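What follows is the residue order along each chain.
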Amino acid sequence: EDKVVQSPLSLVVHEGDTVTLNCSYEVTNFRSLLWYKQEKKAPTFLFMLTSSGIEKKSGRLSSILDKKELFSILNITATQTGDSAIYLCAVRTGANNLFFGTGTRLTVIP
Amino acid sequence: GAVVSQHPSRVICKSGTSVKIECRSLDFQATTMFWYRQFPKQSLMLMATSNEGSKATYEQGVEKDKFLINHASLTLSTLTVTSAHPEDSSFYICSARDETATNSPLHFGNGTRLTVT
């Protein structure tokens, strides 16, 4: 059975802290891993990773994939209150399905 | 970039009535669209895959007669919750990819908050 596991489930940090969110997966026919940020409504796309070891960066956010160990991390440096959200990891398989993890709820305290 | 529009954003209905939710791809065509359901403090759960011009593919445990999906054109998919009950109250989100773009991610609509009284 395909599954995506995220940790931690929730995290509370202070502004300025750096956080690392984890996503591990077990799926058949892996195609890509995606990170989304969900605030009050629908998820917004952050990164898509298909190759191991290549870091993707967007401002204070970065992510990397390890296809051998079957996991990805999402890093956020110098966190701000606007980073408070649920971060979802999803894995796309050859069947064109997208399996979501449970998400990590990040709360950034001023 | 690819935009997915979902309507309505919020709906309140009485038990036993039916509710239709629309999902449109605004600047691209999508032969496949996905419908998700999200309960409070939980992740997105795939309900069904909507296929243009053919029957939807439902995930295990999702009642196809209760959640009717129609994908009549390359830019529109609809989800109808029939004979809604309070336990159907949830957040429903659709998504689609621009299939002409290599490795395009899924883009989501803004979701529909359904409350059944």
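Residues numbered from 1 in each chain as written. Chains lettered and ligands numbered in written order. Predicted model: local features only at pLDDT ≥ 70, side-chain atom pairs only at ≥ 80, totals over all residues. Heavy atoms only, no water.

Caption draft 1: Region of the structure containing the overall build of chain B. The number of helices and strands found in chain B is zero helices and 11 strands. The C-alpha atoms of chain B give 14 Å as radius of gyration, which agrees with the globular expectation for 117 residues (13 Å, within 12%). Along the first, second and third principal axes, the C-alpha atoms of chain B reach 40 × 30 × 25 Å. Per-residue burial for chain B yields a buried fraction of 50% across its 117 residues. (Helix = DSSP H or I, 4+ residues; strand = E, 2+ residues; numbered from the N terminus. Rg over C-alpha atoms; globule rule 2.2 N^0.38 Å. Buried < 20%, exposed > 50% of the residue type's maximum accessible area, 1.4 Å probe, protein only.)

Caption draft 2: Looking closely at the interface of chain B and chain A. With 19 residues of chain B at the contact, the number on the chain A side is 17 residues. Between chain B and chain A, a total of about 1,500 Å² is buried, with carbon and sulfur atoms accounting for 57% of that surface. Among the residues chain B hides against chain A, the three largest losses belong to B:Ser43, B:Asn103 and B:Phe108. Together they make up 27% of the total. Along the contact surface separating chain B from chain A lie zero salt bridges. Where chain B meets chain A, there are three residue pairs in polar contact (both at pLDDT 80 or more). Among the elements of the structure, β4 (32-38), β5 (44-51) and β9 (90-96) of chain B are those that each provide at least two residues to the side of chain B that touches chain A. Partitioning the side of chain B that touches chain A into residue classes produces nine nonpolar, eight polar and two charged. (Contact = heavy atoms within 4.5 Å. Buried area = accessible area lost by both parts, 1.4 Å probe. Salt bridge = Lys/Arg side-chain N within 4 Å of Asp/Glu carboxyl O. Polar contact = N/O pair within 3.5 Å; in protein donor to acceptor, adjacent residues only side chain to side chain. Nonpolar A, V, L, I, M, F, W, Y, C, P; charged D, E, K, R; others polar.)

Caption draft 3: Examining the environment of B:Ser83 more closely. All names here are of chain B. For Ser83, the position within the fold is in the loop between β8 (76-81) and β9. Relative accessible area serves as the criterion here: at 35%, Ser83 is assigned to the partly exposed category. In sequence terms Ser83 and Phe67 are 16 residues apart; their C-alpha atoms lie 9.5 Å from each other. Not counting residues within four places of it along the chain, the set of residues in contact with Ser83 comprises Gly16, Thr17, Ser18, Lys66 and Asp88.

Caption draft 4: Structural context of the nonpolar core. In terms of nonpolar packing, the biggest core is built from 23 residues, with B:Trp35, B:Leu79, B:Tyr92 and B:Leu114 touching the most fellow members. For this core, the secondary-structure elements that each account for two or more residues are β2 (10-13), β3 (19-25), β4, β5, β7 (67-73), β8, β9 and β11 (112-116) of chain B. Other than its neighbours up to four places away in sequence, B:Leu114 contacts B:Val11, B:Cys13, B:Val19, B:Val81, B:Asp88, B:Ser89, B:Ser90 and B:Tyr92. Of all hydrophobic cores here, the second largest spans 22 residues; its members include A:Leu33, A:Trp35, A:Leu49 and A:Leu74. (Core = buried A, V, L, I, M, F, W, Y, C linked by side-chain atoms within 4.5 Å.)

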